[in-house]
Amino acid sequence: MTPLEHENGNPGGISQRPQPELALRSSREFTSSDLPNNTASNSSSQIRTKISLSSSESRLPLIAGPSLIYKSRSPSNLRSQSHERSSSSSRGSSSTTSAYDSNETHRQIIVRSFAPRVAVFASSDTEDFVKQKGFKDGLYSLLRPYGEHLHGKVVIRDSMGGSRGWDDFGIRIINSQALQTNSTHRADGEMVDRDARNLVNGSQRVSEHTRSSHSNETVKSIDRVLDRYLRTTDAASEGQGKAYVDLERTSYGSRSGLSPLYPVYLRKLLSSASIAPYETFLHPVACLIAVSSHHPAPIEALRQLYSNTGHESQKVPAWMGMEYLRYYVLIHDEENDDITKSTALFDLMKRHFGLHCHLLRLRRSQCVLTDDDSTRVPSCEWLSAEEEIEKLSMGDDADDVELSEKYILESDSTAIKNLLREMVTQSIVPFMESRVMTWNDQVASRRRGIGGRFISLSKRWTGFGTAKSTTLGLAGVSNPSGSNYDYQQGFYPPETPESTMRQLGDYAFMLRDWKLASSTYDFLRADFGHDKAWGHHAAANEMAAITSLLVPHAFSSKSRSELLDQMLENAAYSYLTRCSMPFNVIRCLTIAIELLKNRGPVAADDAARWGGKLLEFGVLTLSAQALTTERVAECYISRTGPDFAAAGTRKRQAALWTVLASDSWLRLDRPDQARVRLREASALYGIDNQDSAGLPFPSMQGLWQRLNSALRDAGGDDYAALIDTSVAQPDFQLDTAEEKEQLNAFIRPSILSSTDAEGFTPQDAGHIHPTSLDDSQLQDDGFE
Amino acid sequence: MSYYFCIVGTRDQPLFELEFGTSKQGGDGVARFSQEARHMNPFIVHSSLDFVDELQWTNNQMYLKRIDQFASSHISTFLTPTSTRFMLLHLPHPPNTAPTSQPMPNSFPPFTPYTSVPPSTSTASRGTSSSSSTSIPNNPTSPQTEEAIRQFFGEVFEVWLKAIMNPFASTESKIGSPVFKQRVVAAGRKYL
């Protein structure tokens, strides 16, 4: 794996990194394009003689055929393009700039998104202290940005005993209130209360209902964030506003304007899940109990806070395991308190609570930019969509700079970094490792052995008479089939082996021990299926699919694609039809698409197929649809190179999906993106150079011209000017004047031909103007 | 079921295009593609040529069966020995009625599913749906449909052979003969 990529953090030094690699690649392109081109020969070899030709001979026409047809770019053209690519990469800041690396980026985003959570329980005097420092949301908001990026490597031991250091390990620090409700930030307080009650005491149906409505809500809020970003990039391109930090850093795509939004979308998708019984990624792995040196009775305060973290406080839902780590922090006020007193207190703490303690020395005063050795608090990368909306809307109201950029003293930031690093490397990771080991020994291996299989089998058989006929709705019968599943409330109690296994799998996943996680999920998905615990079933299938994709070279391609298809199908079907949680379907399939694409060109086909399925489910919002369509096109484009002539090129598929992506952007009223995609499609169809015969099928003209004329309308009077400006962007450049001429030439006829497309608006882009294609002729052709 | 039939030459140029509907189950043989679908069809057929090109080296049959699916449309292919490709796109819907799209909140053409193939069942229970309905117009994946299309292709192949045996015709030029079209229409009426 390539070293961690700082997308949002400090770009120092990293900007130079991708260059040599890129230079290599472009030089390779030189040679491949400078080859005498296998297009020259072979119009005669079109005849397909199946019987007589040996297989080695028969390769030749295959290779020659497609390139003959798609001689879209002249070698010189290609060379200049690759040159541009490398030059634009040196300009781009921190993110990688080659199409291949962007895959790796997405994989990293996915891996990093499943990070352990740490809940913060702070005493009220601590919260006051932090508020004085200028962090209104309390201690967790101060720690959170630092938790996402731990400096230095974190070494993790896996179940086989091997160790590996990870550069990009992080934790998510959450507020303790987030545990009590499904989602942290909901406008309606009463609603939150009701949800919490439902989840703790309520019937399954109600909680299921709220879950699905949450799911819908999450999809909507992600859409709102996307919409927001789209508008801000608009403003930025017109020079009226400043683009948000994330967007700038993630570079305007690698190859001819991949949407910069996609990484943002992926991040939001991965960080917006709400806490649920069927997966334990969002359950806290540890909780941080903090008290400040101001408190008159700190030990009692810590005890009080400790009791809040358990079940008796009624603050935590019943399905959440309580076996997490408690970490005690004493915050020492450097300006007002005596350090000797604090040290004494800290020693006392250590005696009372054991080793998981830390003394954090902070200064009380608020810091501003002009102070000596002030340093900027990094921004949070993993805000959920709802938090993001809140932040953005706050940014609108108040002063931009003040809100988005906070400063603390260098010494404070170092202290916090040390706290988190020590907590992770000395407490959290060892704790998780030992839990994984214990559970693996006590629960999983017992379940895995012959005996375990027998027990689960006999359990199923003894319950046979009554089990199959009882339905979910039968209240009172909590365990109709002798399983541990609580049908009434819809979850496994945390002490049951199933729930523990799930936690084992999730812990192993977060520690990046994918083999163990994969085998654990594999067991679980059968068990959950038998118990008809559909939410759990879907989640286990999802994770089993994801882990099997993360394990390097686990499958041969045949068995992989079959097993994987089955798991993804189960997950998608259970999520969508049985639980109606569209958000999870989108998340599951989007991750699957990214990981499949990451596995190389053969799997990219599968990725594209799942992308198509995801689109057919009808769960995506418009902007998400556009991005997913673009992704599918990307999957096919990755198989268009000259190397794939024998393995089966996907140039025509790529062209189709690029046209569809263009159409989607147009529907979103984003003519700039649509134009870029359409231009790309015209290159793929090979109609961007002079000696082309136009679109391969004359009947394609209809849709093509509709898109063109719609783009012309959207562009307004200065359409030609718009082309020039968009062309001048670093990622998409037509280098010669004559090429621009060509471009105009191929757009202009459509302007003339579709004079009556006046009432066209992007909203009814689905409607096609009848005159653009010779429909009447087609109708006549149909039947006499 | 509505059909879009296309003969594609070796340079991916269409040599013959025809739309028709089912004649089984009292169908009147008129294609009922929506405007949207009608414009998408050539794009879809063109894109599935990628799969034909790949399959032709692994499959030694001339009839390649159903090779691709895009949203609700399915594509079957027949490959002649001269690499001319017969592509048949079939869109399932009840006969004599236009395909009506399911009302779904977040579904946009061309991915709108049609009533005969609900999207949720099509993924998980393809096996069961084929047992429930085996009629040609409703189920594009059933063996009956596969067989009917095979017969259709066989007949068209025969007619096409006769057409290209004309000394003035080439395998790469458009087929403009009205007789040829009549024969293809007849084959469609007979089998599909």
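Residues numbered from 1 in each chain as written. Chains lettered and ligands numbered in written order. Predicted model: local features only at pLDDT ≥ 70, side-chain atom pairs only at ≥ 80, totals over all residues. Heavy atoms only, no water.

**Considerations on the overall build of chain A**
Where we set the bar: Segments assigned H or I by DSSP are reported as helices when at least four residues long, segments assigned E as strands when at least two residues long, and all are numbered from the N terminus. For each residue, the accessible area found with a 1.4 Å probe, counting protein chains only, is set against the maximum for its type, and the residue is called buried under 20%, exposed over 50%, and partly exposed in between. Any two residues whose heavy atoms approach within 4.5 Å at even a single point are treated as in contact. Method for areas: the Shrake-Rupley scheme with a 1.4 Å probe, in which residue coverage is limited to the protein chains shown.
The secondary structure content of chain A amounts to 31 helices and nine strands. Among the 784 residues that make up chain A, the fraction classed as buried is 57%. The long-range fraction of contacts in chain A, counting pairs at least 24 apart against all pairs at least 6 apart in sequence, stands at 74%. Accessible surface, chain A as shown: approximately 32,700 Å² in total, 53% of it carbon and sulfur.

**Concerning the sheet that holds strand E4 (residues 172-175) of chain A**
Residue and element names in this part refer to chain A. The test is simple: A pair of strands is considered paired only if DSSP assigns at least 2 bridges between the two. Each axis is a line fitted through C-alpha atoms, and for a helix only the stretch in contact is used; angles between axes span 0 to 180 degrees, taken between their N-to-C directions.
What the five strands build is an open sheet, ordered E4-E1-E5-E6-E7; its pairing is parallel. Single-partner strands in this sheet number two, and they are E4 and strand E7 (357-362). Looking at each pair of strands side by side, their axes are set apart by 30° on average, direction ignored. Bridging between strand E5 (residues 284-292) and strand E6 (residues 325-333) involves seven bridges; their strand directions are parallel. Residue Ala 286 lies in a different strand from E6, and its bridge partner there is Leu 325.

**Structural notes on the packing of aromatic side chains**
To keep things clear, this is the line we draw: Aromatic rings from Phe, Tyr and Trp, with only the six-membered ring used for Trp, were paired whenever their centres fell within 6.5 Å, and each pair was classed as stacked if the ring planes differed by under 30 degrees, edge-to-face if by over 60, and tilted otherwise. Note on geometry: a ring has a charge over it if NZ (lysine) or CZ (arginine) is within 6 Å of the ring centre and within 35 degrees of the ring normal.
Counted by the stated rule, this structure contains 27 aromatic pairs over all chains. Aromatic pair Phe 114 of chain A and Phe 509 of chain A: ring centres 4.9 Å apart, planes at 80°, arrangement edge-to-face. Here Phe 509 of chain A lies in helix H19 (residues 497-510) and Phe 114 of chain A lies in the loop between helix H4 (99-113) and strand E1 (117-122), a separation of 395 residues in the sequence. Accessibility expressed as a relative area gives 2% for Phe 509 of chain A, which makes it buried. Relative to Phe 153 of chain B, the ring of Phe 5 of chain B has its centre 6.3 Å away and its plane inclined at 45°; by these criteria the two rings are tilted. Residue Phe 5 of chain B is located in strand E1 (residues 2-8), and its partner Phe 153 of chain B is located in helix H4 (residues 143-164); the two are separated by 148 residues in the primary sequence. Taken individually, Phe 5 of chain B and Phe 153 of chain B each receive the classification buried, so the pair is uniform in this respect. Taken together, Tyr 3, Phe 5, Phe 16, Phe 20, Tyr 63, Phe 78, Phe 86, Phe 152, Phe 153, Phe 157, Trp 160 and Phe 180 of chain B form an aromatic cluster joined through their ring pairs. Against the face of Trp 382 of chain A rests Arg 267 of chain A, its NZ or CZ located 4.9 Å from the ring centre.

**Topic: the sheet that holds strand E3 (residues 63-70) of chain B**
Residues and elements named next belong to chain B. Strand order in this open sheet of five strands is E2-E1-E5-E4-E3, and the pairing throughout is antiparallel. In this open sheet, the two edge strands, each paired with only one partner strand, are strand E2 (14-21) and E3. Direction aside, neighbouring strands of the sheet carry axes that sit 20° apart on average. The pairing of E1 with E2 spans seven bridges and is classified as antiparallel. Bridge pairing links Ser 2 to Gly 21 in E2.

**Some words on the state of the cysteines**
All names here are of chain A. Note the following rule: Criterion for a disulfide: a pair of cysteine sulfur atoms at a distance within 2.5 Å.
The full count for this structure, using the stated rule, is zero disulfides over all chains. The structure places no disulfide on Cys 287, whose sulfur is separated from the nearest cysteine sulfur, that of Cys 357, by 12 Å. No disulfide involves Cys 635; its nearest neighbouring cysteine sulfur is the one of Cys 588, lying 15 Å away. A relative accessible area of 0% places Cys 635 in the buried class.

**Remarks on helix H5 (residues 178-191) of chain B**
All names here are of chain B. The line we're drawing: An expected span of 1.5 Å times one less than the residue number is assigned to each helix. The arc under discussion is defined with respect to the helix axis, by the directions toward the C-beta atoms. Counting of polar contacts relies on pairs of N or O atoms within 3.5 Å, with two restrictions inside protein: one atom must be capable of donating a hydrogen and the other of accepting it, and residues adjacent in sequence are counted only when both atoms are side-chain atoms.
With 14 residues, H5 should reach 20 Å at 1.5 Å per residue; the first-to-last C-alpha distance of 20 Å fits that figure. Three or more residues of H5 are buried, namely Phe 180, Lys 181, Val 184, Val 185, Ala 187, Gly 188 and Tyr 191. Down the axis, H5 shows its buried residues gathered within 160° of arc, on one side only. H5 presents Pro 178 and Gln 182 as exposed residues on the side facing more than 90 degrees away from its buried surface. Where H5 begins, one side-chain oxygen reaches toward the backbone nitrogen of Val 179, 3.2 Å away; that side chain belongs to Ser 177.

**Some words on the nonpolar core**
Stated formally: Nonpolar cores were defined as sets of buried Ala, Val, Leu, Ile, Met, Phe, Trp, Tyr and Cys residues, with membership established by side-chain atoms within 4.5 Å.
Formed by 203 residues in total, the largest nonpolar core has its most connected members in Leu 139, Tyr 265, Phe 509, Trp 657 and Tyr 685 of chain A. Among the elements that take part in this core, helix H16 (residues 410-448) of chain A stands out by supplying 14 residues, more than any other. Residues within four places of Trp 657 of chain A in sequence aside, it is in contact with Gly 612, Leu 615, Thr 629, Val 632, Ala 633 and Tyr 636 of chain A together with Phe 70 and Phe 111 of chain B. Counting 27 residues, the second largest nonpolar core, distinct from the first, contains Phe 5, Phe 153, Phe 180 and Tyr 191 of chain B.

**Here's the deal with the environment of Ala 297 of chain A**
Checked against the element boundaries, Ala 297 of chain A lands in the loop between E5 and helix H12 (298-308). In this structure, the C-alpha to C-alpha distance between Ala 297 of chain A and Asn 584 of chain A, residues 287 residues apart in sequence, is 46 Å.

**What to know about the pairing of E4 of chain A**
Residues and elements named next belong to chain A. Both faces of E4 are covered, namely the face carrying Arg 172 and Ile 174 and the face carrying Ile 173 and Asn 175. Sheet topology places E1 next to E4; four bridges connect them, and they run parallel. Note that in E4 the partner of Arg 117 across the bridge is Arg 172.

**So, the pairing of E6 of chain A**
Residue and element names in this part refer to chain A. Under the convention used in this document: By the criterion used throughout, a crossover qualifies as right-handed when its path from the first strand across the helix to the second strand runs clockwise, the strands pointing away from the viewer.
In terms of burial, E6 is a largely internal element, nine of the nine residues being buried. Burial of E6 is two-sided: the residues Leu 325, Tyr 327, Val 329, Ile 331 and Asp 333 facing one way and the residues Arg 326, Tyr 328, Leu 330 and His 332 facing the other way are all buried. Relative to E7, E6 is paired through six bridges, and the arrangement is parallel. Opposite His 332, over in E7, you have Arg 361 as the bridge partner. For the crossover that starts at E6, traverses helix H13 (residues 339-353) and ends in the parallel E7, the hand is right-handed.

**Structural notes on unusual backbone geometry**
Phi is positive for Lys 532 of chain A, close to 55°, though the residue is something other than glycine. Along the chain, Lys 532 of chain A falls in the loop between helix H20 (514-531) and helix H21 (534-550). With a phi angle near 50°, Ala 71 of chain B is a residue other than glycine that sits in the positive phi range. Mapped onto the elements, Ala 71 of chain B comes out in the loop between E3 and strand E4 (73-79). Take Ala 71 of chain B: its relative accessible area is 8%, and that puts it in the buried class.

**Regarding the pattern of salt bridges**
Pairing between side chains becomes possible if they bear opposite charge and their charged atoms approach one another. Short version of the rule: By definition, a salt bridge exists where a carboxyl oxygen of Asp or Glu is found within 4 Å of a side-chain nitrogen of Lys or Arg.
Counted by the stated rule, this structure contains 39 salt bridges over all chains. The partner of Arg 11 of chain B in a salt bridge is Glu 172 of chain B, with the nearest N and O atoms 3.8 Å apart. Here Arg 11 of chain B is found in the loop between E1 and E2, whereas its partner Glu 172 of chain B is found in the loop between H4 and H5, with 161 residues between them in sequence. Look at Arg 11 of chain B and you get partly exposed, because its relative accessible area is 39%. What makes Glu 172 of chain B partly exposed here is its relative accessible area of 24%. Residues Arg 38 of chain B and Glu 19 of chain B are paired through a salt bridge, measuring 3.0 Å at the closest nitrogen-oxygen approach. With Arg 38 of chain B in helix H1 (residues 35-55) and Glu 19 of chain B in strand E2, this residue pair connects regions lying 19 residues apart in the sequence. Glu 19 of chain B carries the same exposure label as Arg 38 of chain B, and that label is buried. A single network of salt bridges, built from pairs that share partners, joins Arg 652 of chain A together with Asp 12, Asp 50, Asp 53 and Arg 85 of chain B.

**Quick look at the confidence of the model for chain B**
Keep in mind that low pLDDT regions are not for reading the predicted coordinates in detail. Residues and elements named next belong to chain B. Our working definition: Summary of the metric used: pLDDT quantifies the predictor's per-residue confidence within the range 0 to 100.
Residues with a pLDDT of 70 or more make up 80% of chain B, whose mean pLDDT is 81. The low-confidence segment residues 115-133 (pLDDT under 50) makes 25 contacts with residues lying over four places distant or belonging to another chain. In the model output, the complex is listed with pTM 0.75 alongside ipTM 0.88.

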